[in-house]
Amino acid sequence: MLKTASNCTVCTSSCAGGDKLVENVSDFTLSYCTTTTNCSATFPNSPNFTAATVSLMKVILKLKGYEDMPISIADPDFVIFGLESGS
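Source: prediction; values computed, not measured.

A. Geometry of the overall build of the protein. In terms of helices and strands, the protein carries zero helices and seven strands. Nonlocal contacts in the protein, meaning residues at least 24 apart in sequence, comprise 34% of its contacts between residues at least 6 apart. Accessible area for the protein stands at about 6400 Å²; split by element, carbon and sulfur atoms hold 54% of it.

Take a look at the structure:
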């Protein structure tokens, strides 16, 4: 379960407050990218993946629907976010 507007600072513990963003997640992956094809799951990961070189974040989010059937939210289930300078 992901939450927004939460007082949660440690993702491994349950946290009070916030709004439920999504549930029934079967897979979640976050990667830091310098290009759409050059990504790393580890940040910072010098020398290539630093605050100065990362310009994109790739999110893979797979959800389960009725009777745990996979739901495709994008094709092929990932979204790439561009970062503004200084983010």
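After that view of the structure, there is still more to cover.
B. Examining the pairing of strand S3 (residues 25–33) more closely. Inspection of the sheet shows S3 paired to strand S5 (residues 56–64) by eight bridges, in the antiparallel sense. Its bridge partner lying in S5, Thr29 is registered against Ile60. Alignment of S3 against strand S4 (residues 39–40), held across two bridges, turns out to be antiparallel. For Tyr32, the partnering residue across the bridge sits in S4 and is Ser40. Counted between consecutive antiparallel strands, the loop separating S3 from S4 contains five residues.

C. Expanded view of the side chain of Ser40. Inspection of the secondary structure assignment puts Ser40 in strand S4. On the basis of relative accessibility, which here comes to 10%, the residue Ser40 falls in the buried class. Here the side chain of Ser40 touches Asn45 through a polar contact of 3.2 Å, side chain to side chain. Not counting residues up to four positions away in its chain, the partners in contact with Ser40 are Ser31, Tyr32, Asn45 and Phe49.

D. Fine view of unusual backbone geometry. Between Phe43 and Pro44 the backbone carries a cis peptide bond, its omega angle lying at -10°. Its location among the elements puts Pro44 in the loop between S4 and S5. Here the bond from Ser46 into Pro47 is cis, since omega is 5°, no more than 30 degrees from zero. Inspection of the secondary structure puts Pro47 in the loop between S4 and S5. Notably, Glu67 is not glycine yet its phi reads approximately 50°, a positive angle. Along the chain, the position of Glu67 falls in the loop between S5 and strand S6 (70–71). Classification of Glu67 by relative accessible area gives exposed; the value is 62%.

E. Structural detail: the state of the cysteines. Across all of its chains, the model carries one disulfide by this definition. Covalently, Cys33 is tied to Cys39 through a disulfide, its sulfur atoms 2.1 Å apart. Between Cys33 and Cys39 the disulfide shows an S-S torsion of about 100°. By sign, it is right-handed. Classification of Cys33 by relative accessible area gives buried; the value is 0%. Residue Cys39 is classed as partly exposed on the basis of its relative accessible area, which comes to 26%.

Calculation criteria
- Residues numbered from 1 in each chain as written.
- Predicted model: local features only at pLDDT ≥ 70, side-chain atom pairs only at ≥ 80, totals over all residues.
- Heavy atoms only, no water.
- Helix = DSSP H or I, 4+ residues; strand = E, 2+ residues; numbered from the N terminus.
- Contact = heavy atoms within 4.5 Å.
- Areas by Shrake-Rupley, 256 points an atom, 1.4 Å probe, with all protein chains shown as cover.
- Pairing = 2+ DSSP bridges.
- Buried < 20%, exposed > 50% of the residue type's maximum accessible area, 1.4 Å probe, protein only.
- Polar contact = N/O pair within 3.5 Å; in protein donor to acceptor, adjacent residues only side chain to side chain.
- Disulfide = S-S within 2.5 Å.

No statement about biological role is implied by the geometric values presented.
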